[in-house]
Amino acid sequence: MTGLNEPQKAAVAHSAGPLLVFAGAGSGKTRVITYRIANLIAEHNVAPHRILAVTFTNKAAGEMRERLDKLAGAAVTRDLWVGTFHAICAKLLRRYYAEVGLEKTFVIYDDSDQKAVLKRVMRAADTDERAYPPKQVLGRIHRQKRQGLGPADVRVSRSFDSTLVVLYEGYEKAMRIANAVDFEDLILLAVRIVENKESAAAQELKERFDHVMVDEFQDTNTIQYRLVRALAARHENLCVVGDDDQSIYSWRGANVTNIRGFHRDFPEAKIVKLEQNYRSTGNIVRSALAVIAPARDREPKKLWTAQEPGEPVHVRRLSSERLEAAEVLSVIQRSLRRDVPANEIAVFYRIHAQSRVLEEALRSEGIPYQIIGGMKFFERAEIKTALAYLRLIDNPRSDADLIRVINTPTRGIGQKTVERIMTTASARSSCGWDAIDTAVSELGAGPKKKVLAFQGLIQKLREVAERAGPHELITEVLERTGFRELLRRDDSAEADARLENLEELRGSILEYEKDTAEAGEEPNLASYLERVALVSVVDTMDDAPKVALMTVHAAKGLEFHTVCLTGMEEEVFPYRGIDGDSPEELEEERRLAYVAITRARTELHISHASTRMIFGQTRYLAPSRFLADLPPDATEFHESAYEFERPPPNRNPRPERSRYSSSSRPEAPRYEQSTRLAWRSPEAETAPTGEPSLAEGEQVVDYDAFDDIPPDQGVEIRKGSKVMHKRFGKGIVESVENDGNVTVVARFRGFGTRKVLAQYLSPA
DNA sequence: GGCAGCGTGATTTTT
DNA sequence: TCACGCTGCC
C-alpha cells in the first residue's frame, strides 16, 4: 500500500461491510478500486469469481482488468466479474433466461429497433403518432421500467395515461414475441430473477458474490441500485464509489440520492472521502471548485491539490463558431509543437452538432483526430442490415430484423406481403418467421415463391452458422443474400464506402474472435451480437495519436493534457431545451461543466462564440454563466484570436478580465452579471480593428478556410446594429437592455418599435 | 412495387 | 442545417 494517502489506504483496507467512497475528480479512484480488489484476493482469500465490480463503460472495465492483471496476474483476475450493468445483466440472463420467459438466443434491441417495434404496436392500436410521438412514448415506458414497474404495475396518471398503458402492454408483448429485450429490460429482468423469492436461481445469485463494488455510483438509477442491493444482500459487502458532483445522467434515470442517501440505507457504512486531486494543476482545480461551489445540495467536499498553479485557465471570446474552431486549431497546433501527443489533446462540446466546424478545421490542417460518438458505426444502414441477418439467423423470432431484411436487397417482397405475414403473426401471437408458412397459403403464386425462397435462404444460412464461425458466416451472408453484389454493381462513391464499412464489420468480427481466443473462450454469434449491442461511445476510442473530439458526457472518466472546452455560451452550455430548463437541469449543467474542467491535467482552454449558427440560424449568444464563476486570479481572458498569438505568455493580467468576474454585486444572480458584462463590452466599441501586431517568430494561424468572416466584425449588438428577426424581418437597434435576459429595442419595417429577446435576433 | 423528389419537421446528453 | 417521411410518379 505504498504510495497511497491516508483516505486511500482506509478505502483499500476496508474489507467487510458497506463502504461509501466519495472520490473527487482525479483523486485516484481507479487506483483505489483496483488495489482494494487485489487486496481482497491476496489478503482476505476472497475468490476472484466471487467478486463483482460494476463499471460505467466497457472501456473502464477493460482498464480495470488490465491493471489488476498487472497487480495480481491474469490467471487470478480472469474469473473476476467486471463489466457494465448491462453487460453483467446480459451475462446473467444468458444463464437464467428461462426464469423470465426468454430464450437463450434473445437479442438486445437498440433505440431504432425499439422504435420500430413500438410504431408497429401503435399502428395496430390506431394510435395517433402526433398525439403520442413514439420517441416520447418510449421514453415514458423506459421511465416506468427504471422504477421497476411493468405494464401491470403502472399507476395511471397524467404523465402516463391509459393509452400509454395499452401501448406499454403491446410493446412488451411484441418484444417477448421477438425474443428481444431493451436496455432497461436487461436490468429489470435481472432484478426480477434475483428478487423472486421462490426461485432457486435467486438463491444462487444471492450467494454468488462475496463482494460487490460499483463505480460511478452517482449515475446509477433506481433499478440498478435495487439490483446491487439484492446481489449484496447476503454478505453486505457492498462498496460504492462515486462523486455526486459528477452526476450528469439524471436525464436517463440516474438518481443522485442513491449516493447522497447511501448512509440512510446503510447506517453502518464506512464513509471515506478522497479529496486530494493528483491530476490537475492548481489553477484548474481551483477553477473547477469555483464552478461547482454554487451547486445546491452537494455533499461537502474540499478538493485540493499539492500541485503548482501552472498555466492560467484561458478563456477566449470569438465572434463566431468558425473563428472558435480556428482558435481551437491554433491551441492544438501549439500543443503539438510542444510535443504533447495528439491523443493527450481533447476538444469538448455540449452537443454533437457542434463537432462539425471543429472537425472541418482539424481536417483542413491535416491534424489526425477521432470523433467519439455521434453517428455510430453500428447504426449505419448497411451495418444494421448485415447485423440484422446475423440476428435473424441466431434468433428467428426477431421481427424487427425479419422486416428489415426480408426485402433487402430487393427481392420483390413488397409491403403488402410483409403486412400479410405480420398480421397473420399477430393474430396467432407468434413471430413473423413462424407465421410465414400459414401466411404464404393466402398469397398469390408470385409472392409466395419469393417468400419461400427467402425462407429457404435463411434456413441455409442457419445451417452455415451451425458449422462455421462468425466471420465465415458474415462472408456467406453477404454473398448469398446478394447484398454485397448489390453494392458492387453500384459504382457510386457511396456504395464503395458501404462496402468498406462491411469490410470493417468483418474486421470487428475477426477482432472479437481474437479476443475470445485470448480469453480462452469459444466465439459464438450470440456473444458477438451482444457485444455489439452494448458498446458505449468511449469504447470505440482508439489509442492512436489522434486528437479526440467528444461531448462532455462522453468525457467522464477520461483525462487529457490539453483540453479545449468549446461553446461556453448561454443556451448551448448550459443547454436550454425547448421548454426552458428547470433548476434541477441547470444544476446538472453545472456539474457537467465541472466534469469538463476536471478532465484537464495541464492546460485548459475555454472558448465561447458571440454568434453561432444553430440549426441553420445565426444567433447572438451571451457567454455562459459558468464563466462568471471562474476565479479571476486563476484565469486569463482573451478578447480575440489574435490576442492569443501575442507573447509574452506571462504578461500582466489584462484589466478587462474583471468584466467577466462577479465582483461588483456578489448577491446578484450570476446569469445577469455574466450576460450584462458580455453585452456591454466597452472595448467592443473602441477595439482596434486593424491588423494584429505579431512578435517575431510568432506564427499566424491560417484562416484561409474562414476568410469569409472577418474577425471581430458585426458581432456586438448595440445601438445602430442591423439585426434580423424571424417574424419582424430586418430592424435597427435603438437600445439594449439587460434585466436578467438581454433584450433589445429595435425598429422593424412594417412592425414599428419592438422589444425582443436578443437571443431571437441574428446579424443582418 | 420502387424510386425520386419534395416538403416538412425538429433539433441534448447514451447504456 | 439536415434527416426523415410522405407523396406522387414511373
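Residue positions are counted from 1 within each chain, in the order its sequence is given. A letter from A marks each chain and a number from 1 marks each ligand, given out in the order of writing. Local features are withheld for residues below a pLDDT of 70 in this predicted model, meaning they are given only at 70 or higher, and side-chain atom pairs are given and counted only at 80 or more; totals for whole chains, interfaces and linings count all residues. Calculated side-chain values reflect all of the structure's heavy atoms, with hydrogen atoms and water omitted.

Chemist: For this particular structure, what's the right way to read the overall build of chain A?
Modeler: A helix here means a DSSP run of H or I that spans at least four residues, while a strand means a run of E at least two residues long, and both kinds are numbered starting from the N terminus. Check the secondary structure of chain A and you find 30 helices and 24 strands. Pairs at least 24 residues apart make up 73% of the contacts formed inside chain A by residues separated by at least 6 positions. Exposure was quantified through the Shrake-Rupley algorithm and a 1.4 Å probe, taking into account, for residues, occlusion by the shown protein chains and nothing else. Surface summary for chain A: the accessible area is close to 34,000 Å², and the carbon and sulfur share equals 50%. It only takes one pair of heavy atoms within 4.5 Å for two residues to be counted as in contact.

Chemist: So what exactly am I meant to see when it comes to the protein's contact with DNA strand B here?
Modeler: Around DNA strand B, a shell composed of 22 residues is seen, among which Arg350, His352, Ser536, Val537 and Phe615 lie nearest. Backbone atoms, meaning sugar and phosphate, form 60% of the atoms of DNA strand B found within 4 Å of the protein. Polar contacts, as used here, are pairs of N or O atoms within 3.5 Å; protein pairs need one atom able to donate a hydrogen and one able to accept it. Residues neighboring in sequence count only if both atoms are side-chain atoms. In this structure, arginine 350 approaches DNA strand B through a side-chain N or O atom, which is 2.6 Å from a base oxygen. The contact in question runs from a phosphate oxygen of DNA strand B to an N or O atom on the side chain of asparagine 407, over 3.1 Å. Classifying every residue of the surface near DNA strand B by side-chain character gives eight nonpolar, ten polar and four charged. Whether a residue is near a molecule or strand is decided by its heavy atoms; if any one of them lies within 4 Å of it, the residue is near. Just so you know the grouping, Ala, Val, Leu, Ile, Met, Phe, Trp, Tyr, Cys and Pro go in nonpolar, Asp, Glu, Lys and Arg go in charged, and all remaining residues, Gly too, go in polar.

Chemist: What should I look at first to understand the protein's contact with DNA strand C in this one?
Modeler: With respect to spatial proximity, the complete set of residues near DNA strand C consists of Lys119, Arg356, Met613 and Gly616. Sugar and phosphate atoms form 100% of the subset of DNA strand C atoms that lie within 4 Å of the protein. A distance of 2.5 Å is found between a phosphate oxygen of DNA strand C and a side-chain nitrogen or oxygen belonging to arginine 356. When the residues that make up the surface near DNA strand C are grouped by side-chain class, the tally is one nonpolar, one polar and two charged.

Chemist: In this structure, what is going on with the packing of aromatic side chains? I would like to understand it.
Modeler: The way to describe two aromatic rings as a pair is by their centre distance and the angle between their planes. The rule is short: rings of Phe, Tyr and Trp, with Trp giving its six-membered ring, pair when the centres are within 6.5 Å, and they are stacked under 30 degrees, edge-to-face over 60, tilted in between. Taken as a whole, this structure holds ten aromatic pairs when the rule is applied. Arranged with centres 5.3 Å apart and planes meeting at 80 degrees, the rings of tryptophan 81 and phenylalanine 209 form a pair that is edge-to-face. Highlighted residues: tryptophan 81 in strand β3 (residues 81-84) and phenylalanine 209 in the loop between α10 (200-208) and β6 (211-214), separated in sequence by 128 residues. You can call phenylalanine 209 buried: its relative accessible area is 1%. Ring centres of phenylalanine 217 and phenylalanine 262 lie 5.8 Å apart, and the angle between their planes is 85 degrees; this geometry places the pair in the edge-to-face category. With a gap of 45 residues between them, phenylalanine 217 in the loop between β6 and α11 (222-232) and phenylalanine 262 in helix α13 (residues 262-265) connect regions that are remote in the sequence. An identical accessibility class is assigned to phenylalanine 217 and phenylalanine 262; each is buried. Feature note: the residues Phe217, Tyr225, Phe262 and Phe266 constitute an aromatic cluster, connected by ring pairs. Either the NZ atom of lysine or the CZ atom of arginine qualifies as a charge over a ring when it sits within 6 Å of the ring centre and within 35 degrees of the ring normal. Lying over the aromatic face of phenylalanine 106, arginine 94 brings its terminal NZ or CZ to 3.8 Å of the ring centre. Think of it in three bands: residues with accessible area under 20% of the maximum for their type are buried, residues over 50% are exposed, and the middle band is partly exposed, with areas taken using a 1.4 Å probe on protein chains only.

Chemist: Before we go on, may I ask you to explain the packing of helix α6 (residues 111-124) against helix α8 (residues 162-177) in this structure?
Modeler: Angle between the axes and distance between the axes: these two values describe a pair of packed helices. In this analysis, axes come from line fits to C-alpha atoms, helices being fitted only over the stretch in contact, and the angle between any two N-to-C directions falls in the range 0 to 180 degrees. The contact between α6 and α8 brings their axes to 9 Å, and the two run at 120 degrees. Our classification of the angle between α6 and α8 gives oblique. You can see that α6 and α8 cross each other, and the crossing is right-handed. Contacts between α6 and α8 pair Gln114, Val117, Leu118, Val121 and Met122 from the former with Leu167, Gly170, Tyr171, Ala174 and Met175 from the latter. Here roughly perpendicular refers to angles of 65 to 115 degrees, roughly parallel to angles under 35, roughly antiparallel to angles over 145, and oblique to all remaining angles. Whether a crossing is left-handed or right-handed is set by the direction in which the near helix is turned from the far one by less than a right angle, anticlockwise for left-handed and clockwise for right-handed.

Chemist: For this particular structure, what's the right way to read helix α16 (residues 355-364)?
Modeler: Three- or four-residue spacings in an α-helix give side chains the same orientation, since the helix completes a turn every 3.6 residues. Of all the positions in α16, only Ser355, Val357, Leu358, Glu359, Ala361 and Leu362 are classed as buried. As for α16, its buried residues are in contact with α15 (321-337), β12 (345-349), β13 (369-371) and β14 (547-551). Among the residues trailing α16, glycine 366 stands out with phi positive, at a value near 65 degrees.

Chemist: Sorry, what's going on with the pattern of salt bridges here?
Modeler: Pairing between side chains becomes possible if they bear opposite charge and their charged atoms approach one another. The term salt bridge refers to a pairing of a side-chain nitrogen on Lys or Arg with a carboxyl oxygen on Asp or Glu at a separation within 4 Å. Per the counting criterion, the structure on display carries 57 salt bridges. When the shortest N-O distance is used, the salt bridge between aspartate 113 and arginine 391 registers 2.8 Å. Taken together, the residues aspartate 113 in helix α6 and arginine 391 in helix α17 (residues 381-394) connect sequence positions 278 residues apart. Given the relative accessible area of 10%, arginine 391 is considered buried. The residue glutamate 195 makes a salt bridge to arginine 226 at a minimum N-O spacing of 2.9 Å. Taken together, the residues glutamate 195 in helix α9 (residues 183-195) and arginine 226 in helix α11 connect sequence positions 31 residues apart. What emerges from the salt-bridge pattern is a single network uniting Asp243, Asp244, Asp245, Arg260, Arg298 and Lys301.

Chemist: Could you clarify how one ought to interpret the side chain of arginine 411 in this entry?
Modeler: Inspection of the secondary structure assignment puts arginine 411 in the loop between α18 (399-405) and α19 (415-427). The charge count includes Lys and Arg as positive and Asp and Glu as negative, but it does not include His or the ends of the chains. Among buried Asp, Glu, Lys and Arg side chains, arginine 411 stands out as unpaired, with glutamate 479 the closest opposite charge at 12 Å. When sequence neighbours within four positions are dropped, the list of residues in contact with arginine 411 reads Tyr389, Val405, Ile406, Lys450, Phe454, Leu457 and Thr481.

Chemist: Teacher, can you tell me more about the sheet that holds β14 here?
Modeler: Consider a sheet: its strands pair through backbone hydrogen bonds, and that pairing is either parallel or antiparallel. The sheet built from seven strands is open, its strands ordered β13-β14-β12-β15-β16-β11-β19 with parallel pairing. Two strands close off the open sheet at either side, each with one partner strand: β13 and β19 (635-638). Between one strand axis and the next, the sheet turns by 20 degrees as a mean value, whatever way the strands run. At least two DSSP bridges between two strands are required for those strands to pair. Two strands pair when backbone bridges link them, and β12 and strand β15 (residues 560-565) are joined in this way by four bridges, in the parallel orientation. Along β15, the bridge assignment pairs alanine 346 with valine 563.

Chemist: Looking at this structure, how should I read the environment of arginine 226?
Modeler: Assessed through its relative accessible area of 31%, arginine 226 is described here as partly exposed. In the structure, arginine 226 is positioned 32 residues away from valine 194 in sequence and 9.9 Å away in space, judged by C-alpha atoms. Sequence-distant contacts of arginine 226, defined by excluding residues within four places in its chain, comprise Gln147, Gly148, Val191 and Glu195.

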